[in-house]
Amino acid sequence: QVQLMESGGGSGQPGGSLTLACTASGTTYNMGWFRQASGKEREGVADIGPYGVPHYSGRVAGRFTISRDNDNNTLYLQMNGLKLEDTATYYCAARARDRWFGSRLNPDAYDSWGRGTQVTVSS
C-alpha cells in the first residue's frame, strides 16, 4: 500500500478542460482514476499499467487522457470536452500486480485510495 493524494479539482464549464494529479508516497503497479457522483455508485474512469498502457471507460474515451510519471510517482488525468455528467468526486487509486480479479477498472482490486478531489461542471 501507498499513500495517495489528489489535486487539481475545481469548477469547469461544458466543453472546458481540467487536469487532475495524484502523488504517491512510493512506487505503484497499476494506477487508476475512479469517480463517484452524488447519489451514484463509484465507477471507473481510466487506469494505466506500469509501462503506460492505458484503459478508458467508454464514458470518457476520446475526451480524457491518463498518464503517469514514474520518476516522480505521479498520476495525471487530463480532462477535455467536459460534460455536466462529469461532475463527481474523483479518486486516485493504486493496486499491486497480484490484485488482478479478471477485469480492469474493478474498484475491488485497488487497495490504496486517495481522499478524493471534487470536480464540478456547470454552465
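Everything discussed here concerns the structure shown above.
Residues numbered from 1 in each chain as written. Predicted model: local features only at pLDDT ≥ 70, side-chain atom pairs only at ≥ 80, totals over all residues. Heavy atoms only, no water.

**Q** Looking at this model, I keep getting lost on the environment of F64. Mind explaining?
**A** Assignment of secondary structure puts F64 in strand β7 (residues 64–69). Here F64 falls in the buried class, since its relative accessible area comes to 2%. A sequence separation of 26 residues divides F64 from S38, and the C-alpha atoms of the two residues are 21 Å apart. (Helix = DSSP H or I, 4+ residues; strand = E, 2+ residues; numbered from the N terminus. Buried < 20%, exposed > 50% of the residue type's maximum accessible area, 1.4 Å probe, protein only.)

**Q** Can you help me understand the pattern of salt bridges in this one?
**A** Pairs may arise between side chains of opposite charge once their charged atoms sit close together. One pass over the structure, following the stated rule, counts six salt bridges. Across the pair E43 and R35 runs a salt bridge whose closest N-O atoms are separated by 2.6 Å. The exposure class assigned to E43 is partly exposed, which follows from its relative accessible area of 21%. We note a salt bridge from D86 to R63, for which the minimum N-O separation is 2.8 Å. Within this pair, whereas D86 is found in the loop between β8 (74–79) and β9 (88–95), its partner R63 is found in the loop between β6 (54–56) and β7, the two being separated by 23 residues in sequence. There is no split in this pair, since D86 and R63 are both buried. It is possible to trace a salt-bridge network through shared partners that takes in R35, E43, R59, R63 and D86. (Salt bridge = Lys/Arg side-chain N within 4 Å of Asp/Glu carboxyl O.)

**Q** Help me out: how do you make sense of the packing of aromatic side chains in this one?
**A** Applying the stated criterion across every chain, the model contains three aromatic pairs. Taking 5.1 Å as the distance between ring centres and 55° as the angle between the ring planes, the aromatic pair formed by F34 and W113 counts as tilted. Highlighted residues: F34 in strand β4 (residues 30–36) and W113 in strand β10 (residues 112–113), separated in sequence by 79 residues. Classification of W113 by relative accessible area gives partly exposed; the value is 27%. An aromatic cluster of three or more residues is present, and its members are F34, Y110 and W113. Seen from the ring of Y91, R42 lies directly overhead, with NZ or CZ sitting 4.0 Å from the centre. (Phe/Tyr/Trp six-rings, centres within 6.5 Å; stacked < 30°, edge-to-face > 60°. Lys NZ or Arg CZ within 6 Å of the ring centre and 35° of its normal.)

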